[in-house]
Amino acid sequence: METKKSFKADLRNKRGLLLEIGLVATLVLVVAAFAYTPKEYRIEQLGLAYAPVEVEMTEITREKPREVPRKIELKAFADAIEIVRNDRKIQTDIPFDEFDENTPIELIPVEPEPIIDDEVFLVAETMPSFMDGSIEAFRNWVMQNVKFPQSALDNGVYGRVILSFVIDKDGRLTNIEVLQSPDRSLAEEAVRVLNKSPKWSPGKQRNQTVRVKFTLPVDFRVRN
């Protein structure tokens, strides 16, 4: 038996209507999607109160116009220098009534600058001398009289001791200071020898005896 389709039940006849209904539904969904906004994405319009903004006016620094260099005119003397002999009389407008050839010229002596009593010189016009010798002669005398401390030998201590001293106006060696020393025993031995120093010939500055300061290195070495 052949099955017959009903014209009313055939959906193909309603295809155009269904298509229109689908388009309308799609359009409604699209419009609804654009119209709907979640709360977290909503931007509320706030009433903004605009306050006047103070604008600081800065004065425009204008570059000063460059000054045109002025011309400086140098005028040369028309009269040349003339060299004349001593016996020739020269006419001048300067009066010489106050000058007298027989009036002696008074020379004012220049007083030397006074030297402070306690002033210590590092260099004087005449340096102090030790036994008519220089500082090297005194250093040789120190090295001949110094003795290596036994405690330094036992501990293997050696090196250079640097001292300073002042030769006073009377030639005495004073103001001994230890500037550098590898060990206390070496410094004490060097000071002991300097205290035994004979008198020096004092230094002089402008023919006056002055105090002069020296620096002396003393080497403590063990010779094999």
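An account of the accompanying structure is given in this report.

Rules used throughout
- Residues numbered from 1 in each chain as written.
- Predicted model: local features only at pLDDT ≥ 70, side-chain atom pairs only at ≥ 80, totals over all residues.
- Heavy atoms only, no water.
- Axes fitted to C-alpha atoms, helices over the stretch in contact; angles between N-to-C directions.
- Helix = DSSP H or I, 4+ residues; strand = E, 2+ residues; numbered from the N terminus.
- Parallel < 35°, antiparallel > 145°, perpendicular 65-115°, else oblique.
- Left-handed = near helix turned anticlockwise from the far one by under 90°.
- Contact = heavy atoms within 4.5 Å.
- Nonpolar A, V, L, I, M, F, W, Y, C, P; charged D, E, K, R; others polar.
- Core = buried A, V, L, I, M, F, W, Y, C linked by side-chain atoms within 4.5 Å.
- Buried < 20%, exposed > 50% of the residue type's maximum accessible area, 1.4 Å probe, protein only.
- Phe/Tyr/Trp six-rings, centres within 6.5 Å; stacked < 30°, edge-to-face > 60°.
- Expected span 1.5 Å × (residues − 1).
- Polar contact = N/O pair within 3.5 Å; in protein donor to acceptor, adjacent residues only side chain to side chain.
- Patch = residues over 30% accessible without salt bridge, like charges linked within 9 Å, V, L, I, M, F, W, Y side chains within 5 Å.
- Areas by Shrake-Rupley, 256 points an atom, 1.4 Å probe, with all protein chains shown as cover.
- Salt bridge = Lys/Arg side-chain N within 4 Å of Asp/Glu carboxyl O.

1. A few points about the packing of helix H2 (residues 135-145) against helix H4 (residues 184-195)
Then, in step 1: At a closest axis distance of 10 Å, the pairing of H2 and H4 adopts a crossing angle of 120 degrees. The angle between the axes of H2 and H4 places the two elements in the oblique class. The two elements H2 and H4 meet at a crossing, and its hand is right-handed. Facing Phe138, Trp141, Val142 and Asn145 of H2, the residues of H4 in contact are Glu189, Arg192, Val193 and Leu194.
Then, in step 2: Of the residues belonging to the contact of H2 with H4, the class tally is five nonpolar, one polar and two charged.

2. What about the nonpolar core?
Then, in step 1: The biggest cluster of nonpolar side chains holds 25 residues, and the ones touching the most others in it are Phe138, Val142, Phe165, Leu194 and Trp200.
Then, in step 2: For Trp200, the residues in contact, after removing those within four places along its chain, are Pro128, Ser129, Phe130, Ile135, Phe138, Phe165, Ile167, Gly171, Leu173 and Phe214.

3. Looking at the packing of aromatic side chains
Then, in step 1: Within the structure shown, the criterion is met by ten aromatic pairs.
Then, in step 2: Each ring, one from Trp200 and one from Phe214, has its centre 5.5 Å from the other, and the planes form 40 degrees; the classification is tilted. Taken as a pair, Trp200 in the loop between H4 and strand E4 (203-205) and Phe214 in strand E5 (residues 208-220) lie far apart in primary sequence, 14 residues in all.
Then, in step 3: Among the aromatic residues, those joined into a cluster by ring pairs are Phe130, Phe138, Trp141, Phe165, Trp200 and Phe214.

4. Things to note about H4
Then, in step 1: Along its twelve residues, H4 runs 17 Å from first to last C-alpha, staying within 8% of the 16 Å computed at 1.5 Å per residue.
Then, in step 2: The elements touched by buried residues of H4 are H2, helix H3 (150-155), strand E2 (159-167), strand E3 (173-180) and E5.

5. A look at the side chain of Ser197
Then, in step 1: As for its placement among the helices and strands, Ser197 is situated in the loop between H4 and E4.
Then, in step 2: Here Trp200 takes part through its side chain, which lies 3.3 Å from a polar atom of the side chain of Ser197.
Then, in step 3: Apart from the residues lying within four places of it in its own chain, the contact partners of Ser197 are Phe130, Phe138, Trp141 and Leu173.

6. Overview of helix H1 (residues 15-35)
Then, in step 1: Here H1 spans 30 Å end to end across 21 residues, near enough to the 30 Å set by a 1.5 Å rise per residue.
Then, in step 2: Little of H1 is tucked away, with zero of its 21 residues classed as buried.

7. A look at the environment of Gln205
Then, in step 1: Position of Gln205 relative to the elements: it lies in strand E4.
Then, in step 2: A relative accessible area of 12% means that Gln205 is categorised as buried.
Then, in step 3: Of the polar contacts made by the side chain of Gln205, one reaches the backbone nitrogen of Glu125; its length is 2.9 Å.

8. What about a nonpolar patch on the surface?
Then, in step 1: A cluster of nonpolar side chains, Leu17, Leu18 and Ile21, forms an exposed patch at the surface whose accessible area comes to about 290 Å².
Then, in step 2: Along the chain, Leu18 falls in helix H1.

9. Details of the side chain of Asp219
Then, in step 1: Mapping Asp219 onto the fold places it in strand E5.
Then, in step 2: Side chain to side chain, Asp219 and Arg139 meet in a polar contact 3.2 Å long.
Then, in step 3: A polar contact is formed between the side chain of Asp219 and the side chain of Arg160, at a distance of 2.6 Å.

10. A look at unusual backbone geometry
Negative phi characterises most residues that are not glycine, and trans characterises most peptide bonds.
Then, in step 1: Non-glycine residue Met131 carries a positive phi angle of around 55 degrees.
Then, in step 2: Tracing the sequence through the fold places Met131 in the loop between strand E1 (120-121) and H2.
Then, in step 3: For Met131, a relative accessible area of 56% puts it in the exposed group.
Then, in step 4: Even without glycine at this site, Asp132 takes up a positive phi of about 60 degrees.
Then, in step 5: By the element assignment, Asp132 lies in the loop between E1 and H2.

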